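Architecture at a glance
Residue-level listing of the chains:
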Amino acid sequence: MTGIQRGVSRGLHGQIVEVMARRILSGRIPEGATINVPDLQADLGVSLTAVREALKVLTAKGLVDARQKRGTFVRPRSDWNLLDADMIRWHFDDDVRPELLEELHEVRGIVEPAAARLAAVRASAAQLNALDEALAAMSAATDDLAAAAADVAFHKALLAATGNELLTKLEIVIETGLAGRDRLVHKLNPSDDPVPSHARVVDAVRAHDPEGAELAMRELLAKAAEDLSAIRSRK
């Protein structure tokens, strides 16, 4: 099965890119392997032009390259653009590696406590309002999809409240990674209430308490680490 479906909302081009990317990310097409483009085109049942256009996208993401005499090949993993939003999303499929979840948690542990500290110093009234709105949405969520969306909105709002444009750009990692993580966590413990731990962060930011905001975020991440352990034990 190729996974290519005509008439779906993602579009043919997007499906081809995703199918090819997942084959590479899963190791089905390993690093260094030469890609026989006509064979791939026949396997997917699409035009050669469509395959070549998809390869251009994968080239931009660092997954593949082409050289004279060698042809099209899969680049080493060290060359892959792992911070690309699509790449992160593709990694967070049903077979997500526990190591990837741990890496995401490490990134959050480095970034988010410091972000909470900065937000407590710099957050504007509008940014505080965005945090409140995300918290309210989290409290009102009636299903996993809404809860995950509210969680992502909260963490994006926190990064924005730092007033640091470079930190804000890390929302690409946080947003996509959190959405995938939340999907897995809610399967394991759908009754867990995330509101109190997030509310403590907002309270400290509103009180202009950098130390308190950092501590509240570290406590929130400690709970996330427990969730990660639960996910690992099920793998």
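This one's a predicted model, so the numbers in the text were calculated from it and none came from an experiment. Each chain has its residues counted from 1, following the order in which its sequence is written. Per-residue local features are limited, in this predicted model, to residues with pLDDT of at least 70; the limit for side-chain atom pairs, both in listing and counting, is 80 or more; totals at the level of whole chains, interfaces and linings are taken over all residues. Neither water nor hydrogens contribute to the side-chain values; these are computed over all heavy atoms in the structure.

Moving on, we come to the overall build of the chain. For the chain, the count of helices and strands is eleven helices and three strands. We count a stretch as a helix when DSSP gives it H or I for four or more residues in a row; a strand needs E for two or more, and each element gets its number in order from the N terminus. For the chain, the succession of helices and strands along the chain, N to C, is α-β-α-α-β-β-α-α-α-α-α-α-α-α. Buried means the residue's accessible area, taken with a 1.4 Å probe over protein chains only, is under 20% of the maximum for its type, while exposed means over 50%, and partly exposed covers the values in between. Classification of the 235 residues of the chain by burial places 43% in the buried group. Throughout, a residue-residue contact means that at least one pair of heavy atoms, one from each residue, lies within 4.5 Å. For the chain, long-range pairs separated by at least 24 residues make up 69% of all intrachain contacts whose partners lie at least 6 apart in sequence. Surface accessibility in these figures is a Shrake-Rupley result with a 1.4 Å probe; residues are shielded only by whichever protein chains are displayed. If you sum the accessible surface of the chain, you get close to 12300 Å²; carbon and sulfur atoms cover 54% of it.

Another aspect to go through is the pattern of salt bridges. Only one rule defines a salt bridge in this text: a Lys or Arg side-chain nitrogen within 4 Å of an Asp or Glu carboxyl oxygen. This model, assessed by the stated rule, comprises 15 salt bridges. Across the pair Asp 86 and Arg 89 runs a salt bridge whose closest N-O atoms are separated by 3.4 Å. Here Asp 86 pairs with Arg 89, and both are found in helix H4 (residues 85–91), just three residues apart, close to one helical turn. The exposure class assigned to Asp 86 is partly exposed, which follows from its relative accessible area of 29%. The salt bridge involving Arg 117 is made with Glu 211; its shortest N-O contact spans 3.6 Å. Remark: Glu 211 occurs in helix H11 (residues 210–234) and Arg 117 occurs in helix H5 (residues 98–122); sequence separation between them is 94 residues. Through salt bridges with shared partners, a single ionic network connects Glu 18, Arg 22, Lys 61, Asp 84, Asp 86 and Arg 89.

Let's shift gears to the pairing of strand E3 (residues 71–74). A strand pair is defined by DSSP finding two or more bridges across the two strands. Bridge count for strand E1 (residues 34–35) against E3 is two bridges, and the pairing is antiparallel. By the bridge assignment for E3, Thr 34 is matched with Phe 73. Two successive antiparallel strands, strand E2 (residues 64–67) and E3, enclose a turn made up of three residues, where Lys 69 displays a positive phi of approximately 75°.

Another point: unusual backbone geometry. Residues other than glycine seldom take positive phi values, yet Lys 69 does so here, at roughly 75°. Residue position: Lys 69 is located in the loop between E2 and E3. Positive phi, close to 55°, is recorded for His 208, a residue that is not glycine. Among the secondary structure elements, His 208 is positioned in the loop between helix H10 (195–206) and H11.

This part covers the side chain of Asp 151. Here Asp 151 shows up in helix H7 (residues 144–160). Judged by its relative accessible area of 7%, Asp 151 is buried. In protein, a polar contact means a hydrogen-donor-capable atom and an acceptor-capable atom, both N or O and within 3.5 Å, with residues adjacent in sequence counting only if both atoms are side-chain atoms; elsewhere, any N or O pair within 3.5 Å suffices. A polar contact of 3.1 Å, which involves the side chain of Asp 151, links it to the side chain of His 198. Setting aside residues no more than four positions away along its own chain, Asp 151 makes contact with Met 138, Leu 178, Arg 181, Asp 182 and His 198.

This next bit is on helix H1 (residues 12–25). For H1, with 14 residues, the first-to-last C-alpha span of 20 Å sits near the 20 Å given by 1.5 Å per residue. Each element contacted by the buried residues of H1 is listed here: helix H2 (37–44), helix H3 (48–60), E2, E3 and H4. Looking one or two residues past H1, Gly 27 carries a phi angle of roughly 90°, positive in sign. The span you would expect from a helix comes to 1.5 Å times its residue count less one.

Turning next to the packing of helix H6 (residues 125–140) against H7. Only the contacting stretch of a helix is used when fitting its axis, a line to C-alpha atoms as for every element, and angles between N-to-C directions run 0 to 180 degrees. Between H6 and H7, the shortest axis-to-axis distance is 8 Å and the interhelical angle comes to 165°. Judged on the interaxial angle alone, H7 and H6 are roughly antiparallel. Pair H6 / H7 crosses with left-handed handedness. When H6 is examined against H7, the residues Gln 127, Ala 130, Leu 131, Ala 134, Ala 137 and Met 138 are found in contact with a partner set consisting of Ala 150, Asp 151, Ala 153, Phe 154, Ala 157, Leu 158 and Ala 160. Here the residues of the contact of H6 with H7 sort into eleven nonpolar, one polar and one charged. Note on terminology: angles under 35 degrees are roughly parallel, angles over 145 are roughly antiparallel, angles of 65 to 115 are roughly perpendicular, and the others are oblique. Note: crossing handedness is left-handed where the near helix turns anticlockwise from the far helix by less than a right angle, and right-handed where it turns clockwise. Asp, Glu, Lys and Arg are counted as charged, while Ala, Val, Leu, Ile, Met, Phe, Trp, Tyr, Cys and Pro are counted as nonpolar; the rest, among them Gly, fall into the polar class.

Moving on to the packing of H1 against H2. Working note: a packed helix pair is described by the angle between its axes plus the distance between those axes. Interhelical geometry of H1 versus H2 gives an angle of 115° and a closest axis separation of 12 Å. Taken as a pair, H1 and H2 cross one another with a handedness that is right-handed. Here Ile 16, Val 19, Met 20 and Arg 23 of H1 come into contact with H2, specifically with Leu 40, Asp 43 and Leu 44. When its residues are assigned to classes, the contact of H1 with H2 shows five nonpolar, no polar and two charged.

A word on the pairing of E2. Looking at chain direction, E2 and E3 are connected through four bridges and run antiparallel. Within E3, the position partnered with Asp 65 by the bridge is Phe 73.

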